[in-house]
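Survey of secondary and tertiary structure
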Amino acid sequence: MKTSIFFTALVFFLNKTNAKISGGDYLDALDRDLHQRVLDPEQCQNQLQYIRRSDPFLSAQFVDAGLRIPKGILQGNLKDYGNYHQCLGIHQDVSEDMQIQGKFCLISVPVNLNSRKNPQSTLEFDPSLLQLPLQTKRKLEERNMYLDKMRSIFGNTIEYQRMDPNNTLPDIDFQLGICIPKVCTTEEALLFNLFNYTLEHSNMYCRLPNDKHWITADYIAIVIFSLLGLLIILSTSYDVYYTVFSKKDPKNMNVLLSAFSAYTNTKRVISTKPQPGIIECLDGIRSLALFWVVFGHVFFIFNFFPANTIETMEWSLSYDSIMIRTALLSVDTFFLMSGILLVYTTAHKLTGCQLLKNIVPFYLNRLLRMFPVLAFVILFQVSIYNRIGDGPMWTVVLRHVQNCRTVWWSTLLHLQNFLNPEESCIPVTWYLAIDVQLHILSPIVLFWVLGRERRLAWSALFLALFLSLTASTAYIFANTFSDEGLNYFVYVYVNILTRAPPFFVGMVFGYALHLAREKKKKMPMHLHVALTAFSISLLALILYCHDKRDDPNFDNQIVKDLFQSFLRPFWAAGLGWIIYACYNGYAGPINWLLSLNLWKIPSRISYAMYLSHLSLILVIYSNALQPLYFSVQRVMFDAMGFIAIALVTSFLITIFVDLPFSNLIKLCLSLITRKRTNQNGVSNVQITNGNLPTHQIPEKKQDS
């Protein structure tokens, strides 16, 4: 008990003191010097006079690409972005001293608009249309509270609005795109503008053509990706020549020269040959859990882009969306599987003493196997990611690009959940950080589990689970997490203390599966059917309780804390029994469904898909030129499309990055362990990573 209290205090102290590192201003991802250099008040006045008096067609281009009344105000749409690309495409050489180019700016205009008429204007813009009925305003206030709650759960993944520090406008305001000459500020342009009123407004951001400046990381990325492509071409050529044209035995092929072969690595990924000792049902569970993650992220992100915001909120709060709101439990599924596979894959290879003697390879294998794909995705995000699209909502991408450029190191060190949880590089990597931290701590329990005494192993597992639950429960009950209290995302959602119990539940089931591997347990049919039915009912009940916990009308704090403390481990326990039943042949049609060959490929590429899918969703939605109309059918269609794109992208990342470096890492670790074998007689140790997709990829034969 003292240990759990100390660990609770330590984790809270680390979060409280260190979760303050900032990713910086996301507009630093643009060439801010360019935005300052182009400003010229004198040229601005000259160009404004020319546009207004001398060139009606050019004036019409600025008006057509800029300010207009949002469509669907009564449905809660307060955004209109004009015509972004048309605005930036305006370029006219008037004289040697005057070149007029468009600049897109997003401004925030209050609902209760104060305006001043400009008698020199000839075109009409009636700001009286920028008014909201009281009922609509109240609905939007409710939506803002809903989005604030979502941010408290997910962090600032989609927080892209940029406001002036001195902004005093209300939370509910119009966001309007305007098109102005690039030499002008919004204040200067709106004083003259092409409508009859000067608007009270606040700047959000401005964009210019080619304002994404090149940095060192861009050149590094080009060099590294080019070298990687060259290695793949050379290695594949060697492999194809050796095995296809020369028809030689692939077992005799040089491992180092063929490590990057896309030909062999593709065959390994798509192979459906059964592998001995594999828990087949995990393929289906991993794939379905990952698809659940993607669906949850698509619906969550769409909440920040809709044209019919009120309808979106109402659907999100209805029971129709329960499977989306409870998608958070999918991550606990991964923690469960990670704990299961950690014990299952090591228990028949090592004893406790061997684990301690090989602790360095144990840690290295874990960290190095995760590193290549993670580093690849980070390098892509700091460089090319910023150049594959653009639009008025591109600031969402800019935020993530800038975070990666400033705090990438915390992600590679797996410390972002402590140091910068709300501004991490690749937001979903908080899971990897906690998973690595739990694996670093796991030998404390594994040492006893890997011994010959089963009673001691069970005692260690249940003691670790008990201490984890006690510490997590004490931590949750001792603190209030709300809008007025501590940040839920920082102090609960990405906290190792609250996330550890499902992992230890997984270790318990992993040991049970290890024992079942030696001798299958026979159980009366009526008993295992009853237990399976109970587990499925428990999972359904947990979905309901999880949804109830997030109900804004449910205010019983004690029950909420109980739900927060025990729903995740109970979810892991219910799913753990399903896995155990499938492995022992009790689950019947459930095992058949989860063990189908169609799940093998998504399971094998799941690591790359987990890291890349959110970036794909953000970049596609950020290319939108106007808010998107929400409907369940529309977002479901989007989600299926994102899954298809993510599958293709992840397949390529796996065969071009993950497997090639996996081959090299295995080769290096085998050399290390052989050296240790020669020194102390301990056999070669190969620890398989529990949550990585390649744990079920058929091994490539190596020459001796």
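Enumeration according to the criterion identifies 30 aromatic pairs in this entry. Ring geometry for Phe299 and Trp315: centres 5.2 Å apart, planes at 20 degrees, overall stacked. Here Trp315 lies in helix α12 (residues 309-316) and Phe299 lies in helix α11 (residues 281-302), a separation of 16 residues in the sequence. Here Phe299 and Trp315 have matching classes, each one buried. Aromatic side chains Trp458 and Tyr511 sit 5.0 Å apart centroid to centroid with 80 degrees between the ring planes, which places their arrangement in the edge-to-face category. Of this pair, Trp458 sits in helix α21 (residues 454-478) while Tyr511 sits in helix α23 (residues 496-518), and the two are 53 residues apart along the sequence. For Trp458, a relative accessible area of 27% corresponds to the partly exposed category. For Tyr511, a relative accessible area of 3% puts it in the buried group. Members of the aromatic cluster, joined through ring pairs, are Phe299, Phe302, Phe305, Trp315, Tyr621, Phe630 and Phe642. A cation over an aromatic ring shows up here: Arg387 above the ring of Trp214, its NZ or CZ 4.1 Å from the ring centre. Against the face of Tyr344 rests Arg517, its NZ or CZ located 3.9 Å from the ring centre.

In this section: the pairing of strand β5 (residues 173-181). Remember that side chains alternate between the two faces of the sheet whenever the strand is regular. Burial analysis of β5 places 9 of its 9 residues in the buried class, the great majority of the element. Of the pairings in the sheet, the one linking strand β1 (residues 79-80) to β5 comprises 2 bridges and is parallel in character. Counted as the bridge partner of Lys79 is Gln175 from β5.

Moving on to the state of the cysteines. Two cysteines joined by a covalent bond between their sulfur atoms form a disulfide. If you walk through the whole model with that rule in mind, you get 4 disulfides. Linked covalently through their sulfurs, Cys87 and Cys179 form a disulfide whose S-S length is 2.2 Å. The sign of the S-S torsion, about 95 degrees, decides the handedness of the disulfide formed by Cys87 and Cys179: right-handed. With Cys87 in helix α5 (residues 84-88) and Cys179 in strand β5, this residue pair connects regions lying 92 residues apart in the sequence. Judged by its relative accessible area of 0%, Cys87 falls in the buried class. Through a disulfide, Cys404 is tied to Cys425; the S-S separation comes to 1.8 Å. Disulfide Cys404 to Cys425: torsion about the S-S bond roughly 80 degrees, handedness right-handed. Separated by 21 residues along the polypeptide, Cys404 in helix α17 (residues 395-412) and Cys425 in the loop between α18 (416-419) and α19 (430-441) bring together distant segments of the chain. Residue Cys404 shares its accessibility class with Cys425, and that shared class is buried.

Take a nonpolar patch on the surface next. Residues Val223, Leu227, Leu230 and Leu234 make up a contiguous nonpolar surface patch of roughly 380 Å² in combined accessible area. Among the structural elements, Leu234 can be located in helix α8 (residues 216-245). Given a relative accessible area of 53%, Leu234 falls into the exposed group.

Compared with the 26 Å implied by 1.5 Å per residue over 18 residues, the 24 Å span of α17 between its first and last C-alpha is a close match. The sharpest bend along α17 reaches about 70 degrees and sits at Thr406. Here α17 lies mainly inside the structure; 14 of its 18 residues are buried. The first or second residue beyond α17 is His414, which carries a positive phi of 60 degrees.

A packed helix pair is summarised by two numbers, namely the angle formed by the two axes and the spacing between the axes. Across the interface, helix α24 (residues 525-549) lies against helix α25 (residues 557-583) with an axial gap of 9 Å and an inter-helix angle of 150 degrees. It follows from the interaxial angle that α24 and α25 lie roughly antiparallel. α24 and α25 meet at a crossing whose hand is left-handed. Contact residues: His528, Leu531, Thr532, Ser535, Ile536, Leu538, Leu539, Ile542, Leu543, Cys545, His546 and Arg549 in α24; Lys560, Phe563, Gln564, Leu567, Phe570, Trp571, Gly574, Leu575, Trp577, Ile578 and Ala581 in α25. Of the residues in the contact of α24 with α25, the class split is 15 nonpolar, 6 polar and 2 charged.

Counting 166 residues, the largest nonpolar core has Ile279, Met507, Ile579 and Tyr621 as its most contacted members. The element contributing the most residues to this core is α11, with 15 residues. The residues touching Tyr621, leaving out its near neighbours within four places in the chain, are Val298, Ile301, Phe302, Phe305, Met393, Leu628, Asp638 and Phe642. The next biggest cluster of nonpolar side chains, apart from the first, holds 21 residues, and it includes Cys44, Leu67, Ile73 and Cys184.

Our next topic: the packing of α23 against α25. At a minimum axis separation of 9 Å, α23 and α25 run at an interaxial angle of 20 degrees. What the angle tells us is that α23 and α25 run roughly parallel. The way α23 lies across α25 gives a crossing that is right-handed. Side by side, α23 and α25 meet where Thr498, Arg499, Pro501, Pro502, Val505, Phe509, Ala512, Leu513, Ala516 and Arg517 of the first sit next to Arg568, Pro569, Ala572, Ala573, Gly576, Trp577, Ile579, Tyr580 and Tyr583 of the second.

Per-residue confidence for the chain gives a mean pLDDT of 83, with 82% of residues at or over 70. Overall, residues 1-19 carries pLDDT values under 50, and its contacts beyond four positions in sequence, including any with other chains, amount to 34 contacts.

Tallied over the full model, the rule gives 15 salt bridges. The partner of Lys212 in a salt bridge is Asp390, with the nearest N and O atoms 3.9 Å apart. Highlighted residues: Lys212 in the loop between β7 (202-207) and α8 and Asp390 in the loop between α16 (359-382) and α17, separated in sequence by 178 residues. Per residue, the accessibility class of Lys212 equals that of Asp390, and both read buried. Here Asp547 makes a salt bridge to Arg325, at a shortest N to O gap of 2.1 Å. Here Asp547, found in helix α24, pairs with Arg325, found in helix α13 (residues 322-325); they are 222 residues apart in sequence, far enough to count as distant. You'll find Asp547 and Arg325 in the same group, each marked buried. Shared partners join several salt bridges into a network, and the residues in it are Arg207, Asp211, Lys212 and Asp390.

Reading guide: rules and limits
- Residues numbered from 1 in each chain as written.
- Predicted model: local features only at pLDDT ≥ 70, side-chain atom pairs only at ≥ 80, totals over all residues.
- Heavy atoms only, no water.
- Phe/Tyr/Trp six-rings, centres within 6.5 Å; stacked < 30°, edge-to-face > 60°.
- Helix = DSSP H or I, 4+ residues; strand = E, 2+ residues; numbered from the N terminus.
- Buried < 20%, exposed > 50% of the residue type's maximum accessible area, 1.4 Å probe, protein only.
- Lys NZ or Arg CZ within 6 Å of the ring centre and 35° of its normal.
- Pairing = 2+ DSSP bridges.
- Disulfide = S-S within 2.5 Å.
- Patch = residues over 30% accessible without salt bridge, like charges linked within 9 Å, V, L, I, M, F, W, Y side chains within 5 Å.
- Areas by Shrake-Rupley, 256 points an atom, 1.4 Å probe, with all protein chains shown as cover.
- Salt bridge = Lys/Arg side-chain N within 4 Å of Asp/Glu carboxyl O.
- Expected span 1.5 Å × (residues − 1).
- Bend = angle between axes of the 7 residues up to and from the residue.
- Axes fitted to C-alpha atoms, helices over the stretch in contact; angles between N-to-C directions.
- Parallel < 35°, antiparallel > 145°, perpendicular 65-115°, else oblique.
- Left-handed = near helix turned anticlockwise from the far one by under 90°.
- Contact = heavy atoms within 4.5 Å.
- Nonpolar A, V, L, I, M, F, W, Y, C, P; charged D, E, K, R; others polar.
- Core = buried A, V, L, I, M, F, W, Y, C linked by side-chain atoms within 4.5 Å.
- pLDDT = per-residue confidence, 0-100.

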